[in-house]
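This is what each chain is made of:
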Amino acid sequence: MRILFAILLLAAVLRFWAIGSNPPSLTWDETAWGYNAYSLGTDARDEFGRFLPLDYIESFGDFKPPMYAYLDILPVKIFGLNEFGVRFPSAFFGVLTVILTYFLVREVFSNSKLKNQYALVSSLFLAISPWHIMLSRAAFEANVASFFIVSGVLFFLLGVRSNARFLTVSLISFVLSMYTFNTARIVSPILILILGILFRRELFILKKQLIIATIIAFVLFLPLFRFLTTPQASLRFKEVNIFSDISYIELSNRQIENDNGAFFSKVLHNRRAIFTVEFLKHYFDNLSPNFLFGKGDGNPKFSIQEVGHLYLWDFPFLVMGTLLIFKRKEGSWKILPLWLVIGIIPAATARETPHALRIEAVLPTFQVLIAYGFVNFIDNFKTKKSLILRASYVFLFINFLYFVHSLFIHYPKEFSGEWQYGYKESVKFVRSVATNYSQINITDQLGRPYIYYLFYTKEDPRTFRKEAKVSRDVFGFVTVENYKKFNFVKDPNIVAGINVLNINLPNKVPVGARVLKTFYLLNGKEALVAYTI
Amino acid sequence: MRIKIFLFIVFILASILRLIKIDSVPISPDWDEVSLGYNAYSIMQTGKDEYGKFLPVVLKSYDDYKPALYSYLAIPAISMLGLNVQAVRIPSAFFGVLAVLGTFLLVRELFKKDSLALVASFLLSVSPWHIQFSRIAFESNVGLTFNIFAALFFLKGLKNPIFLIASAILMALNLYVYQSEKVFTPLLAVCLVLIFRKELFSLPKKLLVLSVIFGILISFPMVHYLITNKNSLERAKGVSIFSGEYPIGEAKKALTDLNNNDKLGLVFDNRRVFYAKEIISGYLSHFDLNWLFIRGDIARHHAPNMGLLYIFEIPFLLIGIYLLFTGDFKKAKYLIFLWFLIAPIPASITSGVPHAIRTLNFLPTFQIFTALGLIYVFSRIKRYHYHQAPIFIIAIFGLFNFFYYLDQYFVQQNIFNAKEWQYGYSKIIQPEIFEKYKKIIVSNEGHMDQSYMFFLFYLRYPPEDYQKQSEFASGGFRENHKFDKYEFRPIVWEKEIKSESILYIGRPDDFGQDAKLLKSINYPGGGEAMRIVQ
């Protein structure tokens, strides 16, 4: 228990330490979570005034699953509308996932003599996982969804083994995960189905409790279900999925043409085969060594680009653990590889792969497999003081230290631009001088500036709703054009005048402008400029 | 007897797949193929390579210093068929077929199971990866065959030590075949010795010593060459990861650490750590399922729209790895896994990973794993009453993959990848037209880099005459060349002397509006490759 507590402490430090300033600033999605939580906490309505939305939060027109905003109400009330308050739920549930992992692994390998070791090492590996740390340190709803999924699986196992009431907890957890993140809407149902099949005998005995649990979960699921059947819900999916990409059909036609339209060619190059291969391609992307062990996701928000989502050190143990888990067949081992395989499915239908966020639902299966390999590796040695063993500890420690060093020393400086750095500083400046100007024109070229103005001026959502001019395009995307004297425009240089303040990109500042202040990224590059014409 | 018939069928299948249309698929030889071919022609006629080096151990070629053995192996075919594409490629096809037979013998020797040996060799005979490099003059394919037989003879040698000498000779010869083998083959030798050390050292010492002596004697000229020639390592340097520039971002990090007086940071953010990470990442990149099954790497290394292995093999491959890992296969297990693990080492210190040629030695381990998986699954299915249906489904998938591959390789490849295969020279080199001109100027830019070698090859220019003119030539990238009335250099149309007696051959955009077009060559899939103007 003392070790588990130490792991917990380590996990908490790695997730909470300096989250206000590293990642260096809030992305627009994070800012939107915070402001919606603030708005819900003010008058129980989201930023655009929907009363206690259960199905979605419209936000920028991306129809965010609402859970994160609700979970963030209290932190924002307690810590204020700031970076820490916004990121608190993700970090908090990240730490909880580390603890749940311990109990989950004990339960999965409940009949193994090494179950305690498996459990401790798994939760340790999740605690120091670059993947999990990165996603716990910013307001990523996927990270909270992962918590609910782990909780769902854990309570399912407890439900069929010790206390049937836990089945209800399990199903509620799964449903909550679907209120939290889009991919969970596919992963969770499949996982429930798989668990149901694996434990069909146990469930058959617990018929009554199972029915009650199902009814409760279903009622809870209803508001979401109604939304999922609307066209808005499928809009985002259509936009990003591979099956709507016509270039494959063009390629297929070209190939049939090359075969002079032969019948065999039409069979070979039919679109079902092509899409199967495309699906596999995107699926395998998420297992590519470069993604897992090399540089990680190409998006620096999810990876520091110096270390993969797993450590290099993990590689041999991952391979060994995977092979051994099939060989030993301990406890309910089957759930782990199945979970991993399922967790990648939704992400593999999207064009952007690999994607660390969309496959976060596979955590902590990787860590458990690595731990399984590692614990059995240690177990092979008669003496625990073997040189090879010590060398492996040292190498792991170096891997870990390298990651932490890179993350805390170089990462914020190098990638502040990716985190929309500069908005906060510019808003603070604007706020301090706003009374001197009758009109303030702000470029929208860095994306969604309005939310930063709401957030950092702590604008009352009621005032915002009253004064804002909002437009929605055919794809459902929401643009806030102005509120009060703030105008969010493509080109702020339209109006000249000493009482008009412009906030613009550095390369768009006209000659002769009176520059009041320049806002820099942490690597010294210019992000925004405040000036008058 | 049945095994012999099946093996014969596999042999025929392997031969057909490797020989049919070998002169026209791939559509054109690439620059390395013509270089190996012309150097073989040159050695055959004069005993010297294109630069006049007598019986070279290494061909300077395009300053990439290719090990020379392939050119020697091509001499018999060229002397019979003349200097043409077919003759240059046939040695590779021959060794490809040998590799299929070698795989049968090796697997039988290791696992003592005819069925496994047969399935593995069958899978190699239809392997897209192996066919790709068996149908073109790439040295790597010969290297693989040498490795298979070296391992086979080593195992045979444990019973009949005479074979050990053959094994040592093959391993030593392999240093003359391909760069990767200089790393892989010694590693393979070390693995074999380690795994079979007990059996090996119980053999008569005399023969062991004799094999070692043979090995040293044969490898001596190469080792001597490597030590005495500074240039020989040029190629290795050129493609190694160390030749790339150290990224500026990394240097900036070290500077930050220096300013912070961060000792730990200075340890982490330095070149050694950076290159170590690059090497490990390079090694791991070869375990990318996309590379193996779907994407492949550059166009010349795989059939279009597919990878190096068949997709239907995935489950059997995974099952096979699991079975070999967990099963009781004694030493076969260690040999196959070590072979599998050392195969990507030579490529991992180079840039441009993953790389299907530099890791060709992965074969035939993938086929052995897959064969293990296939046989296991079939034996499990057979226990069921209705076993025909699943077997039928697997067969359908396999056949679909196979025919898809045949279409991609034999039809689509020539259309989609003609440019990558440097298509155009066979059509544009027309001595009848050239006769009328005093001077012929050929571009050597872009996709016409090293065009001089294609001209030597297709004109069958007498090596004796060329050697006299090539003495001071360099084979480097974009180097200008000149022989006879041919000149190979960038064409700058505005500055060219336009005369009736000068013929220009170049890329479509090398010429201005006023050029008189005599002939233009198009790629089969559309787009202009080259043109002749006056």
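See the structure shown above.
Thresholds, definitions, all that
- Residues numbered from 1 in each chain as written.
- Chains lettered and ligands numbered in written order.
- Predicted model: local features only at pLDDT ≥ 70, side-chain atom pairs only at ≥ 80, totals over all residues.
- Heavy atoms only, no water.
- Core = buried A, V, L, I, M, F, W, Y, C linked by side-chain atoms within 4.5 Å.
- Buried < 20%, exposed > 50% of the residue type's maximum accessible area, 1.4 Å probe, protein only.
- Helix = DSSP H or I, 4+ residues; strand = E, 2+ residues; numbered from the N terminus.
- Contact = heavy atoms within 4.5 Å.
- Patch = residues over 30% accessible without salt bridge, like charges linked within 9 Å, V, L, I, M, F, W, Y side chains within 5 Å.
- Areas by Shrake-Rupley, 256 points an atom, 1.4 Å probe, with all protein chains shown as cover.
- Salt bridge = Lys/Arg side-chain N within 4 Å of Asp/Glu carboxyl O.
- Axes fitted to C-alpha atoms, helices over the stretch in contact; angles between N-to-C directions.
- Parallel < 35°, antiparallel > 145°, perpendicular 65-115°, else oblique.
- Left-handed = near helix turned anticlockwise from the far one by under 90°.
- Nonpolar A, V, L, I, M, F, W, Y, C, P; charged D, E, K, R; others polar.
- Pairing = 2+ DSSP bridges.
- Expected span 1.5 Å × (residues − 1).
- Arc of directions from axis to C-beta.
- 1 Å grid on protein atoms, 1.4 Å probe; cavity = no way out; pocket = protein on both sides within 12 Å on 5 of 7 lines; lining within 4 Å.
- Points joined across faces, edges and corners; volume = space filled by probe spheres on them.

Caption draft 1: Inspection of the nonpolar core at higher detail. Core analysis: the largest hydrophobic core is formed by 321 residues, its most contacted members being F109(A), W131(A), W129(B) and F455(B). In terms of residue count, helix α8 (residues 141-161) of chain A provides more of this core than any other element does, 14 residues in total. Among all residues touching W131(A), those that are not within four sequence positions of it are L292(A), H309(A), L310(A), A356(A), I359(A), E360(A), V362(A), L363(A) and F366(A). With eight residues, the next largest nonpolar core counts I441(B), I491(B), W493(B) and F511(B) among its residues.

Caption draft 2: Broad picture of a nonpolar patch on the surface. Where nonpolar side chains cluster on the molecular surface, the patch consists of F5(A), L9(A), V13(A) and W17(A) and spans about 470 Å² of accessible area. Locating L9(A) in the fold gives a position in helix α1 (residues 2-16).

Caption draft 3: Quick peek at the pattern of salt bridges. Residues and elements named next belong to chain A. Evaluation of the coordinates by the stated rule reveals 37 salt bridges over all chains. Between E459 and K484 there is a salt bridge, with the nearest N and O atoms lying 3.0 Å from each other. Taken as a pair, E459 in the loop between α23 (449-456) and α24 (461-467) and K484 in the loop between β3 (478-483) and β4 (486-489) lie far apart in primary sequence, 25 residues in all. Overall, the relative accessible area of 8% leaves E459 in the buried class.

Caption draft 4: Here's a closer look at unusual backbone geometry. In this structure, the amide linkage connecting V25(B) to the following residue, P26(B), adopts the cis form with an omega of -5°. Positionally, P26(B) belongs in the loop between α1 (2-19) and α2 (31-46). At the junction of L363(B) and P364(B), the peptide bond is cis and its omega measures out at 0° in the coordinates. Of note, P364(B) is situated in the loop between α19 (345-348) and α20 (365-382). Residues other than glycine seldom take positive phi values, yet N260(A) does so here, at roughly 60°. Turning to its location among the elements, N260(A) is positioned in the loop between α14 (247-258) and α15 (263-268). Since its relative accessible area comes to 72%, N260(A) is described here as exposed. Residues other than glycine seldom take positive phi values, yet N261(B) does so here, at roughly 55°. Assignment of secondary structure puts N261(B) in the loop between α13 (248-260) and α14 (263-268).

Caption draft 5: Up close: the packing of α1(A) against helix α5 (residues 83-108) of chain A. All names here are of chain A. Two numbers describe how α1 lies on α5: the axes approach to 9 Å, and their chain directions differ by 155°. Between α1 and α5, the crossing angle belongs to the class labelled roughly antiparallel. In this structure, α1 crosses over α5, and the sense of that crossing is right-handed. Between α1 and α5, the contacting residues are L4, I7, L8, A11, A12, R15 and F16 on the first element and F84, F88, A91, F92, G94, V95, V98, I99, Y102 and F103 on the second. Looking at the contact of α1 with α5, its residues break down into 15 nonpolar, one polar and one charged.

Caption draft 6: View of the pairing of strand β6 (residues 502-506) of chain B. Residues and elements named next belong to chain B. Taken across its five residues, β6 has five buried, putting it largely inside the fold. In β6, alternate side chains face the same way, and those of I502, Y504 and G506 on one face and L503 and I505 on the other are all buried. Direction of pairing for strand β3 (residues 439-442) relative to β6: parallel, over a ladder of four bridges. Counterpart to K439 in the pairing with β6 is I502.

Caption draft 7: Molecular detail of helix α9 (residues 179-195) of chain B. All names here are of chain B. Under the 1.5 Å per step criterion, the end-to-end length of α9 is 25 Å for 17 residues, consistent within 8% with the ideal 24 Å. Turning to α9, its buried residues number three or more, namely S180, E181, F184, T185, L188, C191, L192 and I195. What you see down the axis of α9 is that its buried residues fit within an arc of 125°, all on one side. Those residues of α9 that are buried are in contact with α7 (139-157), α8 (162-174), α10 (197-201), α18 (330-342) and α19.

Caption draft 8: Expanded view of the sheet that holds strand β7 (residues 517-522) of chain B. Residues and elements named next belong to chain B. The strand order across the open sheet built from six strands is β4-β5-β3-β6-β8-β7, with neighbouring strands paired in mixed fashion. Since the sheet does not close on itself, it has two edges, and those belong to β4 (481-483) and β7, each with one partner. The mean inter-strand angle of the sheet, taken between neighbouring strand axes irrespective of direction, is 15°.

Caption draft 9: Spotlight on empty space enclosed by the protein. Within the structure shown, the criterion is met by three cavities of 30 Å³ or more. The calculated volume of the largest cavity comes to roughly 60 Å³. Considered class by class, the residues forming the lining of the largest cavity number six nonpolar, three polar and one charged.

Caption draft 10: View of the packing of helix α5 (residues 114-125) of chain B against α20(B). All names here are of chain B. With their axes 8 Å apart at the nearest point, α5 and α20 run at an angle of 125° to one another. With respect to each other, α5 and α20 are oriented oblique. Like other packed secondary-structure pairs, α5 and α20 cross with a definite hand, here right-handed. Where α5 abuts α20, its residues S115, L116, V119, A120, L123 and L124 lie against Q367, I368, T370, A371, L372, L374 and I375.

Read these as geometric descriptors, not functional statements.
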